[in-house]
Amino acid sequence: MQTGLIIKNISNQYTVYFNQETHIAVAMGKLRLGKRPLVGDHVRLEFTDNKWVIQEVLERKNALNRPLVANVDQALIVMSAKEPDFSYRLVDRLIFLVSYEGIEPIIVLNKTDLINQDEIDKIVSEYESSGYKVYATSRKTQDVSFTEVFEDKITVLAGQSGVGKSSLINRIDQTFELQTQEISKVLGRGKHTTRHNELHQIAGGWVADTPGFSSLDFKHLDPVSFANSVPDFEEYWPSCRFRDCLHQSEPGCAVKKALENKEISQIRYDHYIETLALIKEESHD
Ligand code: GDP
Ligand code: ZN
């Protein structure tokens, strides 16, 4: 038996990476009916009848819908300092969505050449002091420290169009083509675009070629799970008096207490309350 990582899938043809090489494989019939193998899955294969056959999908820790990728370790939330303007609200909403899916959010402040050092420091410290990994970068900086972020991880990119996601990846690997909205516009309607959900090897890790979390849709979120998935609250919510505490105005709320003690960022908390209202509103539709 051989184990490998699925990095590409077109109908029943899978590209699986093992022994430092890609191999073409097919999935056994019973797998196609049940737990269909996804890009990002670790699988067991056997070489029979002159071909590699996927026998088993190993346990997945998560699976994203768009892009359809399993076992995503982290999402790089890319936000430009300017053009478009930096938005704490947008970054926080992306943090919330990413964390809800069990994926680690990593903040990338891009186009730092367009603002001054004080402004950069303010943004970086807002997120670093809350325990997030933050990278400040631009096409004018040498991204040596930045590339380490990819090592041994499966990464998706997130962030609105124009923030520099493609440029960022291209600075590390010139052959990488991120499938952006711009490309689908050029090719016409959605049905003509081929989205093959491929993982590309970059700086010792794997990156999906389609950005994720492009719609800020909170409809499907469960309020209590949401309340307990915000990374800023992680240390505190297990001490809340009620198990289904939404950290609004419940008695004995450890999150509110931490906020009063300035241990939790007021900005993030405000955005949390705002987003919670969106979830509740949308679940009544
Ligand atoms: P994407 O839509 O997020 O993939 O963004 P792109 O990579 O296509 O970049 C959008 C625009 O921002 C392009 O015109 C880039 O030239 C510009 N851009 C990208 N990175 C930087 C940067 O570090 N500094 C500045 N000033 N502009 C940048
Ligand atoms: Zn609480």
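Residues numbered from 1 in each chain as written. Chains lettered and ligands numbered in written order. Predicted model: local features only at pLDDT ≥ 70, side-chain atom pairs only at ≥ 80, totals over all residues. Heavy atoms only, no water.

**Student:** I would appreciate a short explanation of unusual backbone geometry in the present structure.
**Tutor:** If a residue is not glycine, its phi is most likely negative; likewise, a peptide bond is most likely trans. A cis amide bond links Arg66 to the next residue, Pro67, at an omega of 0°. For the peptide bond that leads from Glu83 to Pro84, omega is -5°, which places it in the cis range. By the secondary structure assignment, Pro84 is in the loop between β8 (74-80) and α2 (88-100). The backbone of Asp49 sits at a positive phi, close to 50°, despite the residue not being glycine. With respect to the helices and strands, the residue Asp49 is situated in the loop between β4 (42-48) and β5 (51-57). Residue classification places Asp49 among the exposed positions, given a relative accessible area of 71%. The phi dihedral of Asn71 falls on the positive side, at around 60°, and the residue is not glycine. (Helix = DSSP H or I, 4+ residues; strand = E, 2+ residues; numbered from the N terminus. Buried < 20%, exposed > 50% of the residue type's maximum accessible area, 1.4 Å probe, protein only.)

**Student:** Explain the sheet that holds β5 to me, please; I cannot follow it from the model alone.
**Tutor:** Within a sheet, each strand pairs with its neighbour through backbone hydrogen bonds, oriented either parallel or antiparallel. With respect to topology, 5 strands assemble into a closed barrel ordered β1-β2-β3-β5-β4, the strand pairing being mixed. Mean inter-strand twist for the sheet, computed between neighbouring axes without regard to direction, equals 55°. As defined by bridge partners, strand β1 (residues 2-10) adjoins strand β2 (residues 13-18) across 5 bridges and the pair is classed as antiparallel. The residue of β2 that forms the bridge with Leu5 is Tyr17. (Pairing = 2+ DSSP bridges. Axes fitted to C-alpha atoms, helices over the stretch in contact; angles between N-to-C directions.)

**Student:** I would appreciate a short explanation of the sheet that holds strand β9 (residues 104-110) in the present structure.
**Tutor:** Spatially, 6 strands are ordered β10-β9-β8-β11-β13-β12 in an open sheet, and the strand pairing comes out mixed. If you trace the sheet from one side to the other, it starts and ends with β10 (133-136) and β12 (199-202), each paired once. Averaged over neighbouring strand pairs, the angle between their axes works out to 30° when direction is ignored. Relative to β9, β8 runs parallel, the two being bridged by 7 bridges. For Gln74, the partnering residue across the bridge sits in β9 and is Glu104.

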